[in-house]
Amino acid sequence: MTYELTAIELSDSARTWLIERPIEITVYIVIALVLRFVLNRLIDRATRDKPGGEPSLLRPLKERLPAGTRGAVAAARRAQRARTIGSVLKSGVSIVTLTWCVLQILTVFSVNVAPLVASAGVVGVALGFGAQNLVRDFLTGMFMLLEDQYGVGDIIDVGEAVGTVETVGLRVTTIRDLNGTLWYCRNGEIARVGNMSQGHAVAVIDLPIAHSAAVPRATEVALTAAIEATEDEAIADAVLERPQMLGVNGVTAESVMLRLTVRVKPGQQWAVQRYITQAVLAAFDEHDIAAPLAALAAMRGSSAN
């Protein structure tokens, strides 16, 4: 009788370890894989570009696209923003499902997971203190993406680096400056951002004239030349408002400085500034508005005689 009971116990134990528990472990693994697959597919669908629209994931989020942004640039910016947010969500889903699966498997083996969870919390706190900069970079990158502070193609000023954004990541933003240098800026180290590609820009034109020149006539000539220049096909599409003459902006020993401003599309201020400056200087020559160096040279020549 004793031998029979031992055989039954052994058979029950063998059935538990060889059949029941492997089936439970397999079920948990399958559930985790299926759940991860389904959630990743949902994230892919939410971050995929829709024909004639933006990814559904970005619709509730505020987007600051610059006025006049080309379709290709805007689409690339949306796509990268959606991909970055989607990759973060996928990583979170993988971590959660894997952790759940491991804990359930440990429970199957009758392992008390409470101490492990407590230890994981302590280790997480320790790692958080040890990797504060990395965590700060990731958190800053997430908020930057959600708030759409800047995107690919924007011209930004982050302090030491000023240029065009080439890539936006959760940890690093790359910026190409005017000299062609590629800057890698950690998101957590960016204290402030000046975005020159949102809304509108202002082309500021400073025009020096000689002290002997008539200021009212010079301002009239400059404003007329600027208005005619903005109507030219070369820059007409970039100009948003009529040029404004602010008048005398400064007086030095060499010249009187006139300032003129034009509201333009973002990123077009430098081209408009160069074009209007050239047109105004030509108008000054045509109307004999004396330039500072020419007046100074004439004074030196007369004193030498």
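Residues numbered from 1 in each chain as written. Predicted model: local features only at pLDDT ≥ 70, side-chain atom pairs only at ≥ 80, totals over all residues. Heavy atoms only, no water.

Student: Looking at this structure, I do not really get the UniProt feature "transmembrane region" (unreviewed entry) in the protein chain. What am I missing?
Tutor: UniProt feature "transmembrane region" (unreviewed entry): in the numbering of this structure it lies at residues 25-43, 87-107 and 113-135. Helix and strand shares over residues 25-43 are 100% and 0% respectively, and the end C-alpha atoms of the span are 27 Å apart. The straight-line gap between the two end C-alpha atoms of residues 87-107 is 30 Å; of that span, 100% is helix and 0% is strand. (UniProt positions renumbered as here; feature names shortened; annotations may be inferred. Helix = DSSP H or I, 4+ residues; strand = E, 2+ residues; numbered from the N terminus.)

Student: What is the right way to look at the packing of aromatic side chains in this model?
Tutor: The description of two aromatic rings rests on the distance between their centres and on the angle between their planes. Applying the stated criterion across every chain, the model contains one aromatic pair. Both rings, one in Tyr28 and one in Trp100, keep their centres 5.7 Å apart while their planes meet at 85°; by these two values the pair is edge-to-face. Of this pair, Tyr28 sits in helix 1 (residues 2-47) while Trp100 sits in helix 2 (residues 71-108); the two residues are 72 residues apart in sequence, bridging distant segments of the chain. On the basis of relative accessible area, Tyr28 is assigned to the partly exposed category, the value being 22%. A relative accessible area of 32% places Trp100 in the partly exposed class. (Phe/Tyr/Trp six-rings, centres within 6.5 Å; stacked < 30°, edge-to-face > 60°. Buried < 20%, exposed > 50% of the residue type's maximum accessible area, 1.4 Å probe, protein only.)

Student: Just to check I follow, could you spell out the environment of Arg78 for this structure?
Tutor: Locating Arg78 in the fold gives a position in helix 2. Judged by relative accessible area, Arg78 falls into the partly exposed class, the value being 21%.

Student: Where do I start with the pattern of salt bridges in this structure?
Tutor: Oppositely charged side chains are able to pair whenever their charged atoms sit close together. In the structure shown here, the tally under the stated rule is eight salt bridges. Between Arg192 and Asp157 there is a salt bridge, with the nearest N and O atoms lying 3.4 Å from each other. You can see Arg192 sitting in the loop between strand 4 (182-186) and strand 5 (194-195) and its partner Asp157 sitting in strand 1 (residues 155-157), a full 35 residues away along the chain. Judged by relative accessible area, which is 21%, Asp157 ranks as partly exposed. The salt bridge involving Glu189 is made with Arg186; its shortest N-O contact spans 3.5 Å. By relative accessible area, Arg186 is classed as partly exposed at 29%. (Salt bridge = Lys/Arg side-chain N within 4 Å of Asp/Glu carboxyl O.)

Student: Would you take a moment to explain unusual backbone geometry for this structure?
Tutor: Even without glycine at this site, Asp288 takes up a positive phi of about 60°. In this structure, Asp288 sits in the loop between helix 6 (269-286) and helix 7 (292-304).

Student: Got a minute to help me understand the sheet that holds strand 7 (residues 244-251) in this structure?
Tutor: Within a sheet, each strand pairs with its neighbour through backbone hydrogen bonds, oriented either parallel or antiparallel. A sheet is described by the order of its strands in space; here three strands give the open sequence 6-8-7, paired in antiparallel fashion. On the outer flanks of this sheet lie strand 6 (201-209) and strand 7, each paired with one strand and no other. When the angles between neighbouring strand axes are averaged without regard to direction, this sheet yields 25°. Relative to strand 8 (residues 256-264), strand 7 runs antiparallel, the two being bridged by six bridges. The residue bridging Val251 from the neighbouring strand is Val256, located in strand 8. (Pairing = 2+ DSSP bridges. Axes fitted to C-alpha atoms, helices over the stretch in contact; angles between N-to-C directions.)

Student: What is the right way to look at the sheet that holds strand 5 in this model?
Tutor: As summarised here, the arrangement of the five strands in space is 4-3-2-1-5, forming an open sheet in which the pairing is antiparallel. Two strands bound the open sheet, and with one partner strand each, they are strand 4 and strand 5. Both strand 1 and strand 2 (residues 162-168) contribute to a ladder of three bridges, which runs antiparallel. Looking at the pairing, Asp157 lines up with Val162 of strand 2. Contacting strand 2, strand 3 (172-177) and strand 4, helix 4 (residues 132-147) crosses the sheet at an angle of about 105° to strand 4. (Contact = heavy atoms within 4.5 Å.)

Student: I tried to follow helix 4 on my own but got confused; where do I start?
Tutor: Three- or four-residue spacings in an α-helix give side chains the same orientation, since the helix completes a turn every 3.6 residues. Along its 16 residues, helix 4 runs 22 Å from first to last C-alpha, staying within 8% of the 22 Å computed at 1.5 Å per residue. Among the residues making up helix 4, those that are buried are Asp137, Gly141, Met144 and Leu145. Looking straight down helix 4, one finds its buried side chains confined to an arc of 95°; they lie on one side. (Expected span 1.5 Å × (residues − 1). Arc of directions from axis to C-beta.)

Student: Would you take a moment to explain the side chain of Asp137 for this structure?
Tutor: Mapped onto the secondary structure, Asp137 falls in helix 4. Setting aside anything within four residues of it in sequence, one finds Asp137 in contact with Leu170, Arg171, Arg186, Asn187, Gly188 and Glu189.

Student: Even after reading the chapter, I still don't get the packing of helix 5 (residues 215-230) against helix 6, so can you show me in this structure?
Tutor: The description of two packed helices rests on the angle between their axes and on the distance between the axes. Contact geometry of helix 5 with helix 6 gives a least axis separation of 8 Å together with a crossing angle of 135°. With respect to each other, helix 5 and helix 6 are oriented oblique. Here helix 5 and helix 6 pass one another in a crossing that is right-handed. Taking contact as the criterion, the partners of Ala218, Val221, Ala222, Ala225, Ala226, Ala229 and Thr230 in helix 5 are, on helix 6, Tyr275, Ile276, Ala279, Val280, Ala283 and Phe284. (Parallel < 35°, antiparallel > 145°, perpendicular 65-115°, else oblique. Left-handed = near helix turned anticlockwise from the far one by under 90°.)

Student: Looking at this structure, I do not really get the nonpolar core. What am I missing?
Tutor: Across soluble globular proteins, you tend to see nonpolar side chains buried next to one another. Membership of the largest hydrophobic core comes to 26 residues, with the highest contact counts inside it found for Ile209, Val262, Ile276 and Phe284. Those elements that provide at least two residues to this core are strand 6, helix 5, strand 8 and helix 6. Ranked by residue count, the leading element in this core is helix 5, at six residues. Excluding anything up to four places from it in sequence, Ile209 contacts Val215, Ala218, Ser255, Val256, Leu258, Phe284, Ile289, Ala290 and Pro292. Judged by nonpolar contacts, the second largest core, of 14 residues, contains Ile85, Val158, Cys185 and Ile190. (Core = buried A, V, L, I, M, F, W, Y, C linked by side-chain atoms within 4.5 Å.)

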